[in-house]
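Coordinate inspection notes
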Amino acid sequence: MTNPVSYSLVDDIGVISINNPPVNALSHAVRSGLLEAIEAAGRDDSRAIVIQCEGRTFIAGADITEFGKQPLDPWLPQVVDAIEACPKPVVAALHGTALGGGFEVALGSHYRIALESARVGLPEVKLGLLPGAGGTQRTPRLAGARTALDLMTSGTPVPASTALETGLIDRIVAGDLPAAAIDYARELADRASGCRRTSELASPDEDAQLFADYRAELSKKARGQLAPQKIVDCVEAACRLPFAEGSAVEREAFAECMASPQSAGLRHMFFAERAAARVDGLPRNTALRDIRRVGVIGAGTMGSGIAMNFANAGLEVSLLEVDDEALKRGLKTIEKNYAGGVKRGKMSEAQAAETRARISGTTDYASLAGAELIVEAVFENLELKKDIFAKLDEIAKPGAILATNTSYQDVNEIAAVTGRPEDVIGLHFFSPAHIMKLLEVVRADKTADDVLATCMKLSKAIRKIPVVSGVCYGFIGNRMLKGYGREANLCLIEGGTPETIDAAMQGWGMAMGPMRVFDLAGLDVGYKARQGLPEAERGDPRAFAIPDALVEMGRLGQKSGAGLYSYDPETRDYRFDDESKALIEAQAGKLGIERRDIAADEIVDRLIYALINEGMHIVEEGIAQRPSDIDVVYVYGYGFPAWRGGPMFYADAVGLATVYERICEFRERFGSDNWEPAPLLERLAKENRSLADWADSRD
Ligand code: 3H9
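Computed from a prediction, not measured in an experiment: that's the story for all the values here.

Secondary structure summary: the chain contains 29 helices and 19 strands in total. The principal-axis extents of the C-alpha atoms in the chain amount to approximately 85 × 60 × 55 Å. Every one of the 699 residues in the chain was classed for burial, and the buried ones make up 56%. A total of about 30,000 Å² of accessible surface is found on the chain, and carbon and sulfur atoms cover 51% of it. Charged side chains of the chain number 78 positive and 100 negative; the gap between the two group centres comes to 2 Å.

Right, here's the structure in full:
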């Protein structure tokens, strides 16, 4: 293996160069090479040293693939300390994204110069970790406790200009960074500036209130998470203790976070998200179709949000509605959303106007004839969707991709009404479509490879996280939600209240409890869907007695001011009122159910194990390509806590045998109509294997 770190003298300046594609992560070989090079440079005739990287970025952090394995010497804090101890000025030259351990290498260097396009950050918290190579101690010494806390607890990188303002870097350049870094190093040597060691700077003086405020805020914003709280401990230690003692606090906190199931879950999500972008059986060199103009059919909440995604990515969009009135409403929603973006500082007024101008409205199908992609986003009615696709077949140009945003319907059936089923695909956005990151890309039986590859690529351009799903009712996400919703409603009628059920699920980590989700989505949606089904297909009547009765008395959810909860029209504050309570009790009485107290852990197990069980069917049927794709769907589309790693990772963490036994217990108690362990779960549990092991054995 070639050494990823090289060293050369450029006249009087020593240049250490790292070349470890794709992101110059600090693998064992890089750490060893860097340590060797800095020691050699410290001893030779050079007057100052530059550390730089080849390729697209400065070091983007520790090598995450090494986490969880036996640590190998030298480990990063040792390397960073050696850089700082170097007797000659060391300049770090930053381009791309200097992140995590990479930025800590820069902080250990005596000076930092960056390309104006560079970004720097300490994103460890997103992996359930904290900066573990002196970052928690050096950042507050350079930029103050508040900046350090913001940088580390958000994990969001900042542009070079912000880093310069806050003192995290010293100089910004445009153009030739390697040459500018060498000039800077020479200038420092000429000026005899010496080695400015961050560890020797005075600690900032902060009072205890700042840390108390951050702890309180983080206990709400990052509920249940370990790393953000530990970061506050470390920064407080940086303000109170000498560098060596603060570093010891950091070391201990880092080790605790690294060993936590939360970090294991978040690290799993990092790789799961990237794996989801890979499509099994799709040749890497599949030629892509060129997409410049997009048509969107339906200017409701969904269609408007979808249109914005494409406009934001620089594409021209025609938004189609049946009449002027509906079109006007849709365009108004778009205006409002952009105005909101400006207000929240997401974009300037000029950017919003320029982006908004890419969306034009139409009521004439003929205006979609020039589009290379057309996305249908009308309401869930199969016949209507089929009519639209038949029309599209007539007007769309050859090679145009025809996509449906359906949440449930059979994409094969929709494709079959066209003479070009190979051009048809599902693109299932999540509401609000301009904000939610998830995109289910539904591969129908005849979808062409280049259509799928183009949509996967395009989803990156519109900043979505795509997950491929096969065709089935509800695809991955909504199909799994059925059992989750059923159990939530059964817990309600058996003795829970909206408050106890939501508290159990939110306490466990769900972003929003199921009762609030039902109210937000509208109880009438499920009601209408059930009315359209023969009675035998509606499912367990005990599971929908309460929502149906609420709808029939006009309580449709948040939009009508009341559903399971009632809502303050101004503040949207919600409370469980007497009317809802009486209705729940009356429905239970009507069905002869004797209500009982249901413990939080029973609620959690019933809802989460229902998800897992359906997920097992979905992976075994090949609807999801891999178990981790389901985790991505749930974390990015359904508010599942990322630090639990998604439902399938969680199942492995609990142990499949435990999950299986609990589901068998539920079968005993509640009957096999709702509880029958999925065959894959049963098999793996009996073989004492994990789902990850099963997935690996197929690769
Ligand atoms: C840390 O530093 C701890 C220290 O404080 C203390 C230690 C003691 N390691 O995202 P992309 C791979 S914690 C290994 O698609 P982009 C990635 O899996 C770390 N591999 O590209 C992918 O592989 P594949 C703190 C990594 O341009 C490929 O590179 N740092 C790492 O959209 C391309 O990645 C972070 O958390 C890594 N660190 O985004 C930064 N990073 O092609 C994590 C990437 O096989 N990384 N890979 O799927 C990122 O945020 C983004 O990757 C980055 C590039 C912005 C750099």
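After that view of the structure, there is still more to cover.
Close to the ligand lie 26 residues; Arg 56, Gly 101, Glu 104, Glu 124 and Arg 274 are nearest. At 2.8 Å from a nitrogen atom of the ligand is found a main-chain nitrogen or oxygen belonging to Ala 62. In the environment of the ligand, an oxygen atom lies 2.8 Å from a nitrogen or oxygen atom belonging to the backbone of Gly 101. At the level of elements, strand 5 (97-99), helix 3 (101-108) and helix 11 (261-276) are the ones that each hand at least two residues to the shell around the ligand. For the shell around the ligand, the element with the highest residue contribution is helix 11, accounting for three residues. Taken together, the residues of the shell around the ligand break down into 15 nonpolar, five polar and six charged.

Counting through the fold element by element, Ile 172 comes out in strand 9 (residues 171-173). Along the chain, Ile 172 and Ala 114 lie 58 residues apart, while their C-alpha atoms are 4.9 Å from each other. In contact with Ile 172, other than residues within four places in its own chain, are Ala 114, Leu 115, Glu 116, Ala 160, Ser 161 and Leu 164.

Attention shifts here to the packing of helix 24 (residues 600-621) against helix 25 (residues 627-637). Across the interface, helix 24 lies against helix 25 with an axial gap of 10 Å and an inter-helix angle of 135°. In terms of axis orientation, helix 24 runs oblique to helix 25. Like other packed secondary-structure pairs, helix 24 and helix 25 cross with a definite hand, here right-handed. Facing helix 24, whose interface residues are Leu 611, Gly 615, Ile 618 and Val 619, helix 25 presents Pro 627, Ile 630 and Tyr 634. Grouping the amino acids of the contact of helix 24 with helix 25 by side-chain chemistry returns six nonpolar, one polar and no charged.

Here the focus is the domain arrangement of the chain. Once the domains are mapped, the chain shows domain 1 (5-258), domain 2 (293-469) and domain 3 (477-590). Each of domain 1 and domain 3 has a C-alpha centre, and the two are 49 Å apart.

Attention shifts here to the packing of aromatic side chains. Counted by the stated rule, this structure contains 14 aromatic pairs. Judged by centre distance (6.4 Å) and plane angle (75°), the rings of Phe 310 and Phe 429 are edge-to-face. One end of the pair, Phe 310, is in helix 12 (residues 301-312); the other, Phe 429, is in strand 15 (residues 424-429), with 119 residues separating them in the sequence. Look at Phe 310 and you get buried, because its relative accessible area is 1%. Judged by relative accessible area, Phe 429 falls into the buried class, the value being 1%. When the ring of Tyr 565 is compared with that of Tyr 567, the centres are 6.5 Å apart and the planes differ by 80°; the resulting orientation is edge-to-face. Aromatic rings pair up to connect Phe 430, Tyr 634 and Tyr 638 into one cluster.

Here the residue pair Asp 73 and Pro 74 is connected by a cis peptide bond, since its omega of -5° sits within 30 degrees of zero. With respect to the helices and strands, the residue Pro 74 is situated in the loop between strand 3 (48-53) and helix 2 (76-85). For the peptide bond that leads from Ser 431 to Pro 432, omega is -10°, which places it in the cis range. Checked against the element boundaries, Pro 432 lands in the loop between strand 15 and strand 16 (438-442). For Asn 24, which is not glycine, the phi dihedral falls at a positive 55°. Tracing the backbone through its elements, the reader meets Asn 24 in the loop between strand 2 (13-18) and helix 1 (28-43). Positive phi values are uncommon outside glycine, yet Arg 463 reaches one of about 60°. Along the chain, the position of Arg 463 falls in the loop between helix 17 (449-461) and strand 17 (465-469).

As a further point, take the packing of helix 5 (residues 145-154) against helix 8 (residues 208-221). Where helix 5 contacts helix 8, the two axes come as close as 11 Å, and the packing angle between them is 20°. Our classification of the angle between helix 5 and helix 8 gives roughly parallel. Of the two elements, helix 5 crosses helix 8, and the hand of that crossing is right-handed. When helix 5 is examined against helix 8, the residues Ala 145, Arg 146, Leu 149, Asp 150 and Thr 153 are found in contact with a partner set consisting of Leu 210, Phe 211, Tyr 214 and Leu 218. Along the lines of polarity and charge, the residues of the contact of helix 5 with helix 8 split into six nonpolar, one polar and two charged.

What helix 19 (residues 498-508) keeps buried is the set Pro 498, Ile 501, Asp 502, Ala 504, Met 505, Gln 506 and Trp 508. Contacts from the buried residues of helix 19 go to helix 18 (477-494), helix 20 (514-521), helix 23 (578-590), helix 24 and helix 26 (646-654).

Attention now goes to the pairing of strand 15. Burial runs high along strand 15: six of the six residues are buried. Bridge count between strand 15 and strand 16: four bridges; the pairing is antiparallel. Within strand 16, the position partnered with Gly 426 by the bridge is Val 442.

Taken in spatial order, the eight strands line up as 12-11-10-13-14-15-16-17 in an open sheet, and their pairing is mixed. On the outer flanks of this sheet lie strand 12 (359-362) and strand 17, each paired with one strand and no other. Within the sheet, the average angular offset between the axes of one strand and its neighbour, ignoring direction, is 25°. Note: strand 16 against strand 17, five bridges, orientation parallel. In the strand pairing of strand 17, Val 441 is matched with Val 468.

Rules of the game
Residues numbered from 1 in each chain as written. Predicted model: local features only at pLDDT ≥ 70, side-chain atom pairs only at ≥ 80, totals over all residues. Heavy atoms only, no water. Helix = DSSP H or I, 4+ residues; strand = E, 2+ residues; numbered from the N terminus. Buried < 20%, exposed > 50% of the residue type's maximum accessible area, 1.4 Å probe, protein only. Areas by Shrake-Rupley, 256 points an atom, 1.4 Å probe, with all protein chains shown as cover. Lys, Arg positive; Asp, Glu negative; His and termini not counted. Charge placed at Lys NZ, Arg CZ, Asp CG, Glu CD. Near = heavy atom within 4 Å. Polar contact = N/O pair within 3.5 Å; in protein donor to acceptor, adjacent residues only side chain to side chain. Nonpolar A, V, L, I, M, F, W, Y, C, P; charged D, E, K, R; others polar. Contact = heavy atoms within 4.5 Å. Axes fitted to C-alpha atoms, helices over the stretch in contact; angles between N-to-C directions. Parallel < 35°, antiparallel > 145°, perpendicular 65-115°, else oblique. Left-handed = near helix turned anticlockwise from the far one by under 90°. Domains from an automatic or database assignment. Phe/Tyr/Trp six-rings, centres within 6.5 Å; stacked < 30°, edge-to-face > 60°. Pairing = 2+ DSSP bridges.

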